[in-house]
Amino acid sequence: MKIIVDDLSGPEVAALLAEHLDDMRATSPPESKHALDLDDLRRPEVTFWTVHDDGELVGCGALKRLDATHAEVKSMRTASSRRGGGVASTLLAHLIEEARRSGYARISLETGSAEFFAPAHRLYRRFGFVDCEPFADYRPDPNSLFLTLEL
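**Student:** Account for the overall build of the chain, with residues named and values stated.
**Tutor:** Summing up its helical and strand segments, the chain has 4 helices and 7 strands in all. Secondary structure elements in the chain, listed N-terminal to C-terminal, are β-α-α-β-β-β-α-β-α-β-β. Relative to the compact-globule value of 15 Å for 151 residues, the chain shows a C-alpha radius of gyration of 14 Å, a close match. With the principal axes as the frame, the chain shows a C-alpha extent of 40 × 35 × 30 Å. Considering only residue pairs separated by 6 or more positions, the chain has 62% of its internal contacts joining residues 24 or more positions apart. Carbon and sulfur atoms make up 49% of the accessible area of the chain, which amounts to about 7700 Å² in all. Seen as two clouds, the 18 positive and the 25 negative side-chain charges of the chain have centres 2 Å apart.

Below, the structure written as structure tokens:
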């Protein structure tokens, strides 16, 4: 698998993110949907990566700078056809390493609390993420789970 910084200009990236946003809308009430759209992912404080396998887009993810020591994992997504195949683990390891290389002391994330998100919960916990309080602009929400990892 090859992981590259992506400018979000390709139609396959837009399609993968549209699928991500559709799932978030289907599983979370509007006030609890925190997924970023294409414009938000293009902001200067966000670095976005795509994962390719034999030329096929199989996943994506981003880091959003919150401050000099803290970043947020955003838009982690594996193509439906590749779930359970190690794409998310490979990408998350890459994001953690990039966060360390960038000098962050901590990375955090918000994900849904519903059963739909259980595979994501297992992935993040396997990498050492632990529960935390809401961070940045998040507020307590029964539909959200907040996790963090000290680097």
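**Student:** Pulling in residues and values, what's your account of the side chain of Arg77?
**Tutor:** Within the secondary structure, Arg77 is located in strand β4 (residues 70-78). The exposure class of Arg77 is buried, given its relative accessible area of 6%. Only 2.7 Å separates the side chain of Arg77 from the side chain of Glu19, close enough to count as a polar contact. In this structure Arg77 touches Leu16, Glu19, His20, Asp23, Val58, Gly59, Cys60 and Arg83, once residues within four positions along its chain are discounted.

**Student:** Hey, could you go over the sheet that holds strand β2 (residues 46-53) for me, with residue numbers and the actual values?
**Tutor:** Hydrogen bonds between backbone atoms are what pair the strands of a sheet, whose relative direction is either parallel or antiparallel. Spatial ordering of the open sheet is given by β1-β2-β3-β4-β5-β7-β6, a layout of 7 strands whose pairing is mixed. Edge positions in the sheet fall to β1 (2-5) and β6 (130-131), since each of these pairs with one other strand and no more. Taken together, the 7 bridges between strand β5 (residues 106-112) and strand β7 (residues 144-150) define a ladder with antiparallel strand orientation. Paired with Leu109 across the two strands is Leu147, which belongs to β7.

Definitions and cut-offs
- Residues numbered from 1 in each chain as written.
- Predicted model: local features only at pLDDT ≥ 70, side-chain atom pairs only at ≥ 80, totals over all residues.
- Heavy atoms only, no water.
- Helix = DSSP H or I, 4+ residues; strand = E, 2+ residues; numbered from the N terminus.
- Rg over C-alpha atoms; globule rule 2.2 N^0.38 Å.
- Contact = heavy atoms within 4.5 Å.
- Areas by Shrake-Rupley, 256 points an atom, 1.4 Å probe, with all protein chains shown as cover.
- Lys, Arg positive; Asp, Glu negative; His and termini not counted.
- Charge placed at Lys NZ, Arg CZ, Asp CG, Glu CD.
- Buried < 20%, exposed > 50% of the residue type's maximum accessible area, 1.4 Å probe, protein only.
- Polar contact = N/O pair within 3.5 Å; in protein donor to acceptor, adjacent residues only side chain to side chain.
- Pairing = 2+ DSSP bridges.

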